[in-house]
Amino acid sequence: MRRFLSLVIIFFKDRVYSFLAIFTILFFAFLAGFALLHPGLPPTHDGEYHIIRFYEFDKILRNGILYPRWAPDLNYGYGVPLFNFVYPLPNYVSFVLHLFGISFIDAFKLNMFFATIIGSAFFYLWAKRFWGTMGGVVSSVFYTYSPYHFVDVYIRGSVGEVWALAFFSAFLWSVTKFIVQRQKIFFILSSLLLALTIFSHNILALMFFFFALSYIGFLIYRNDNRRYLTLNTIFIILVGLGLSAVFWLPAIYESKYVTGLQIFDVSAHFPDLYQLLIPSWGSGFSGGEVSNQLSFQIGVANLAAVFLSIIVLIVGIKNKKKNAFILFFLFWFALVFFLILSVSNVFWQIIPFMSYFQFPWRFLSLEIIFTSFLAGSIFCLRLSFLKIPLTLFLIFFVFVLGLGYMKPAYYHYRNDSYYIARSNFMDGTNSPGNVFNTIWMNKGLNKEKEKIKFLKGKGSIEKKEIKTEFYAFKINAYSLSKIQVNTAYFPGWEIKVNKNQVKTQLDDNGLFYFYLPEGNHNVEIRFTNTPIRNIAILLSFISFTIISVLFIKYLFVTIKK
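Computed from a predicted structure; not experimentally measured. (Residues numbered from 1 in each chain as written. Predicted model: local features only at pLDDT ≥ 70, side-chain atom pairs only at ≥ 80, totals over all residues. Heavy atoms only, no water.)

Asks: How should the pattern of salt bridges be read in this particular structure?
Replies: Pairing of side chains with opposite charge becomes possible as their charged atoms draw close. This model, assessed by the stated rule, comprises twelve salt bridges. The partner of Arg 414 in a salt bridge is Glu 48, and the shortest N-O contact between them spans 3.1 Å. Of this pair, Arg 414 sits in the loop between α16 (387-402) and α17 (416-420) while Glu 48 is found in helix α2 (residues 47-62), placing the two residues 366 residues apart along the sequence. The partly exposed category is assigned to Arg 414, whose relative accessible area is 29%. In this structure, Lys 109 and Asp 106 form a salt bridge, with 3.3 Å as the shortest nitrogen-oxygen distance. Of this pair, Lys 109 and Asp 106 are both found in helix α4 (residues 104-144), three residues apart, which corresponds to roughly one turn of the helix. Classification of Lys 109 as buried rests on a relative accessible area of 2%. (Salt bridge = Lys/Arg side-chain N within 4 Å of Asp/Glu carboxyl O. Helix = DSSP H or I, 4+ residues; strand = E, 2+ residues; numbered from the N terminus. Buried < 20%, exposed > 50% of the residue type's maximum accessible area, 1.4 Å probe, protein only.)

Asks: Would you take a moment to explain the sheet that holds strand β4 (residues 481-488) for this structure?
Replies: Note on sheets: strands pair through backbone hydrogen bonds, and any given pair is parallel or antiparallel. A sheet is described by the order of its strands in space; here four strands give the open sequence β1-β4-β8-β7, paired in antiparallel fashion. The sheet is open, and its two borders are formed by β1 (452-456) and β7 (505-506), each paired with just one other strand. For β7 and strand β8 (residues 511-516), the ladder comprises two bridges, and the chain directions are antiparallel. Across the sheet, Leu 506 pairs through a bridge with Phe 512, a residue of β8. (Pairing = 2+ DSSP bridges.)

Asks: Is there a simple way to think about the environment of Asn 63 in this case?
Replies: Within the fold, Asn 63 resides in the loop between α2 and α3 (89-99). Here the alpha-carbon distance between Asn 63 and Tyr 405, two residues 342 residues apart in the chain, equals 40 Å. When sequence neighbours within four positions are dropped, the list of residues in contact with Asn 63 reads Lys 467 and Thr 468. A distance of 3.0 Å separates a polar atom in the side chain of Asn 63 from the backbone nitrogen of Thr 468. (Contact = heavy atoms within 4.5 Å. Polar contact = N/O pair within 3.5 Å; in protein donor to acceptor, adjacent residues only side chain to side chain.)

Asks: How should the side chain of Gln 297 be read in this particular structure?
Replies: Its location among the elements puts Gln 297 in the loop between α11 (273-277) and α12 (300-315). Owing to a relative accessible area of 2%, Gln 297 belongs among the buried residues under this scheme. Here the side chain of Gln 297 touches Ser 280 through a polar contact of 2.9 Å, landing on its backbone oxygen. Of the polar contacts made by the side chain of Gln 297, one reaches the side chain of Tyr 405; its length is 3.1 Å. When neighbours within four sequence positions are excluded, Gln 297 is seen to be in contact with Pro 147, Gln 275, Leu 276, Ile 278, Pro 279, Ser 280, Trp 281, Leu 364 and Tyr 405.

Here it is, written out as structure tokens:
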């Protein structure tokens, strides 16, 4: 009887600890994002860009295009292949929110609010596997209150990066569970979460990918049956890449058709050493006046976490496996710290893909993960009755340090139409330096009222239908005529006259035209998929089928048991 009561007490004690842990991380994540629930739009670097993207993406989806690639209203109405290159996940989240009557401005803020909550929860689940419940709570709160995390939310407004951090934390938890427990459900989840990370932010996804490979390799090396785990994790990665191929494959292959993707000089964006170590805060841009630059600090609490993990190694713990993980993350912290500084400039110049990351300080996203994970390592030590006081102290410590960063300076009290109706938001390509404009486009063109016009010849044009990626007209040409389409040319635009495809020809201004013989004609102009886009869609469909079959099989086996 006494043994039974002991087991009951232990059972409920564990449940209470778990409940309190989850409540704590969600409570502090809620506080971190609470300012996003305030009316108005915080004045972030990217926020206004995203309002326009959400509007355009929503419009295209409502026209029946399941995966938008073309933004029809931008670029003075000539359109631009914006969504062929820009991460789609925040746009889909906004679309769902807008279906419930939520404005695009509020959808932008809720995107980051939900990402903050989800990221904190999965970071806890991941860190808990190594450091226990208390360590998981501390690591999660350190992650949520990392200064650069607040920079992404309240200064840069980089909604994609906040989502990428959240889903990558979830991926690390899931792939760890698969390698340790080898359950098929975590195989499925890991592939999905990898794809969601890529859909969230392609640049961060590539950055995270190299660390993920080393992390997976490290886990496999420390486990049995390495061949099985290696083959399965390779399959996880391939399926994850396949699921997201609809986005990244055309974006890479068709980048040769757009301009300005490398508009930033990497060497001009290295922070100084003191900027990484000394707390600072500003709303400016990288490369601007030092007094108002955005903060590049790693964070006092985060640096303290690194110092504490070193102390743990020096003091020594008997668990060699945990020591190895501390050393692994310390190594990655030091490597990334080096890459952020100008002393690493030679590597940025000689390694081809490095310029893709644009800003060396972007690697602070990885430092968030490393330092926050290491924060929980203090619980490797035998602290007995000190665990709860230490947890409370560390949470209070990082919370107080983050108080000044968890809110914007002010809010713009505007509605969606303020941005959608203004030419300064709609006439460009919705990116700094008119990135994503086609390589053929003449940027000096004036806005046209109509989608097509006669360049040579005369006749009448009856507009039948104008959608985001489809135009239909009835044209009566009095003689052989040259018809200009007032849309920027990009591979995929096709023209059919009386249901027969005709040659699409590119003019000197980056628009396209076609010839029309005398008579009445039904003309259809449609943005279609190129061969590379069809291949990408096929890869995503095959990968989705594989995941679906595995999930159905898993459910069948689970129910049968």
